[in-house]
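# Descriptive analysis of the structure
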Amino acid sequence: MARIGVFICWCGENIARTVDIEKATAEVAKIPGVRCAINYKYMCSDPGQAMVREKIQREKLQGVVVASCSPHMHLKTFRAAAKTAGLNPYLVEMANVREHCSWVHHDKEKATEKAIGLIRMTVGKVLRNRALDPIKVPLTKRALVIGGGVAGIQAALDIADAGCEVVLVEREPSIGGKMAGLSETFPTLDCSQCILTPRMVETGQHPNIKLYSYSEIESVEGFVGNFKVTIRKKARYIDIDKCTGCGECWTKCPSKKTPSEFDYGLANRTAIYMPFPQAVPARPVIDKDACIKFKTGKCGLCLKRCQAGAINFEDEDKLITEEVGAIVTAAGYQLYDIGKDQPNAKLSGYGEYGYGEYADVITSLQFERLSSASGPTSGEIKRPSDGETPKKVVFVSCVGSRDNAKGISYCSKICCMYTAKHTMLYKHKVHDGEAHVFYMDIRAGGKNYEEFVRRAIEQDGAIYHRGRVSKITRENGKLIVRGADTLVGEPVTIEADMVVLAAAMRPAVGVLELAQKLKLGYDEFGFLSESHPKLRPVETNTAGIYICGACQAPKDIPRPWRRRRRRRAKCW
Amino acid sequence: METLEKVDSAFAGTSVEACYQCGKCTGGCPVAGLMDLMPNQLVRLVQLGRLEKAMASTAIWHCVSCQTCTTRCPQSVDCAGILDVLRQMSAEQGKAAPELRRVLVFQKAFLDNIRRNGRLNEVELIGFFKTLAFLKDFNIPLLMKDTLLAPQLMQRGKLHVIGEKVRDRAVVRRIFDRCTKPGKGA
């Protein structure tokens, strides 16, 4: 006769509320092969695990069934407990009477019956289980980091500093991501460049980091410890080993009318260009669609100018295979499209705000470029339409965020903080200017965050109106912003010179395709899913693949910085 | 205070519970400046079941049903629909101030006019409205209001003594019957 122990957990009230635990325990004890059946309020706690250990030893159990939550959550916990008590851990199985039973049912009688059935089946499974011994397989001690923004850079440096090789893949011509374009960062107002650029340089020069810029993930094969990754190195038309980054080419390029991606269209760039002066690698790239040589065959000025002979119009995409043991996804985010064009039918834009129609209605990232020392105005606040200094600026929060009608119900988390920062940056540069903010709630949870927002209001004199903006129109050169101040109970109309829209954070372009290649789960908005929000926040449900940064959920800069420690510990 | 269940059934389909008081309705309302309570405050009163206060407001009678609030609401709350219900309740229970009840008289005269002609006959509308309103409160200034404009309007061809009618008025009647049938909403 087999000797199987059944341990039924109440999970506080989670299971006990819907399943009659005492009845189930009594019924289960009658199943042939079951030596003992007991229940406890928190089976995963120390006294609970002690019960399991004690019963294994005293009753000489040959198998264990824990009826509690999902094996995903605690199978490891109970297998470890069984191991210490001398039982082969693979003789422990879990019956999921929480997610599969108590959480999804109301009828206590039927739920109890189902719980008994689930336990009976799991007992049947354990009866057929055999003791197993783990085997060891070789693993590649290299990691792949996807995305070279602040999260990816930090992940790569941490892993590299721990002595492992890192392959860092960035699809843009330079690493740095969104943060490279920011002006000053909350809550300290220190310059984004001073924090990020040294780390970019370190990444570019680190002996353990192999950087693939202007490259994308083509395909991923294999499993934890042994992934085979194919990387598409996009044609750059520049040999970055030969190129010295002297700038002869882009200063002479006659095609100068392409809107700069780095400046979010606030300035133009040439066809052969370096995304920004602090780029890593500090090498240019040719935009094939803008290049006159590619369009008409009649230019090649850069080729003539280049002393190093680094320009190659014949360059083609190359596929490279790398072997790695772990993958960290830091694919990042993009701003929600405020205008009418939307990527899918679920989303709709804000026609009423006139973004795209009025040049002086800009996004928060564009404002970052306007106030950045490396920006198109060298940090002077000048409005895009005529270069005048705006004397009245309206900042609108929650554009896209918390808006079910437009398709994004979540809070983007960072906008309250950066909007407060924007009012400060503006007031520090335009002393006689007025900064108005329309907000719904101020969400400033974080160390020194609330104090930062109060500073914007009390010391720098930002005027906060509690209400959403309904419409923005233009009359006589002014932007008429119609909103409300619900605290006064009145509509508010402001004649502004410039409007800054704090657009929602969405997962970066192509994250879904990447998730499919990596076989990762994602939520209804396209953010990548972690394995468990509390217990396994950086792991995914695919072993060996980790996530960090804003591809998981909207996050501010300090957050990935904190999480990196955990991630590094997890990789090896 | 009304019970929440009662509120729920009268305001079914308006998603009144979804309102999070952002104030976008008030921001976009063309007549908010005239209102004693803002649209977002009216929605809040309904959420709290404080219908008495909402029904007694002048704001519900200033609403021109332009639907801007409903169109732009980030929570898809039918704010204009909520004000509609409030007006109807207020009219049925006689909560509105006499001078505001005139709005109701106008609306009735307007609808009767359409029901009869299938199209709006302006002279007839003015005549009916003024007579009905006068019978309610014997207000002489209202009776005389804007009468001096008539010759000018006539001169410019803006006032047609004999209005147009649609040919098939049975269709109009059927539309009205269907709309006013109990249980189908007004």
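Within chain A, the secondary structure is distributed over 14 helices and 28 strands. Counting across all 572 residues of chain A, residues that qualify as buried make up 55%. For chain A, long-range pairs separated by at least 24 residues make up 68% of all intrachain contacts whose partners lie at least 6 apart in sequence. Entry remark: accessible area of chain A is about 25,800 Å², with carbon and sulfur atoms responsible for 50%.

A few words now on the sheet that holds strand β23 (residues 469–475) of chain A. Residues and elements named next belong to chain A. Strand order in the open sheet formed by three strands is β23-β24-β25, with antiparallel pairing between adjacent strands. The open sheet is flanked by β23 and β25 (490–496), the only strands paired with a single partner. Averaged over all adjacent pairs, the angle separating strand axes in this sheet is 20°, with direction ignored. Both β23 and strand β24 (residues 478–485) contribute to a ladder of six bridges, which runs antiparallel. Across the sheet, the residue bridging to V469 is G483, located in β24.

This part takes up the side chain of Q49(A). Residue and element names in this part refer to chain A. Along the chain, Q49 falls in helix α2 (residues 46–58). Taking relative accessible area as the criterion, Q49 reaches 17% and is therefore assigned buried. Residues within four places of Q49 in sequence aside, it is in contact with M43, C44, T77 and A81.

Quick look at the domain arrangement of chain A now. All names here are of chain A. For chain A, the domain assignment lists domain 1 (4–128), domain 2 (142–234 + 317–332 + 508–571), domain 3 (248–305) and domain 4 (336–505). Domain 2 and domain 4 are separated by 30 Å when their C-alpha centres are compared. Taking both sides of the interface into account, the surface hidden between domain 2 and domain 4 amounts to around 1,700 Å²; carbon and sulfur atoms contribute 68%. Put simply, domain 2 and domain 4 have zero salt bridges between them. Scanning the region where domain 2 abuts domain 4 turns up five residue pairs in polar contact (both at pLDDT 80 or more).

Okay, the packing of helix α3 (residues 39–47) of chain B against helix α7 (residues 79–93) of chain B next. Residue and element names in this part refer to chain B. Contact pair α3 / α7: the axes reach a minimum separation of 10 Å and the direction vectors enclose 65°. Considering the relative orientation of α3 and α7, their crossing is left-handed. Packed against α3, whose contacting residues are P39, L42, V43 and V46, the element α7 presents C79, I82, L83 and L86 at the interface. Among the residues forming the contact of α3 with α7, the class breakdown is eight nonpolar, no polar and no charged.

Turning our eyes to something else, we now look at the domain arrangement of chain B. On domain assignment, one finds that chain B holds domain 1 (4–93) and domain 2 (98–180). Between domain 1 of chain B and domain 2 of chain B, the C-alpha centre-to-centre distance is 27 Å.

What counts and how
Residues numbered from 1 in each chain as written. Chains lettered and ligands numbered in written order. Predicted model: local features only at pLDDT ≥ 70, side-chain atom pairs only at ≥ 80, totals over all residues. Heavy atoms only, no water. Helix = DSSP H or I, 4+ residues; strand = E, 2+ residues; numbered from the N terminus. Buried < 20%, exposed > 50% of the residue type's maximum accessible area, 1.4 Å probe, protein only. Contact = heavy atoms within 4.5 Å. Areas by Shrake-Rupley, 256 points an atom, 1.4 Å probe, with all protein chains shown as cover. Pairing = 2+ DSSP bridges. Axes fitted to C-alpha atoms, helices over the stretch in contact; angles between N-to-C directions. Domains from an automatic or database assignment. Buried area = accessible area lost by both parts, 1.4 Å probe. Salt bridge = Lys/Arg side-chain N within 4 Å of Asp/Glu carboxyl O. Polar contact = N/O pair within 3.5 Å; in protein donor to acceptor, adjacent residues only side chain to side chain. Left-handed = near helix turned anticlockwise from the far one by under 90°. Nonpolar A, V, L, I, M, F, W, Y, C, P; charged D, E, K, R; others polar.

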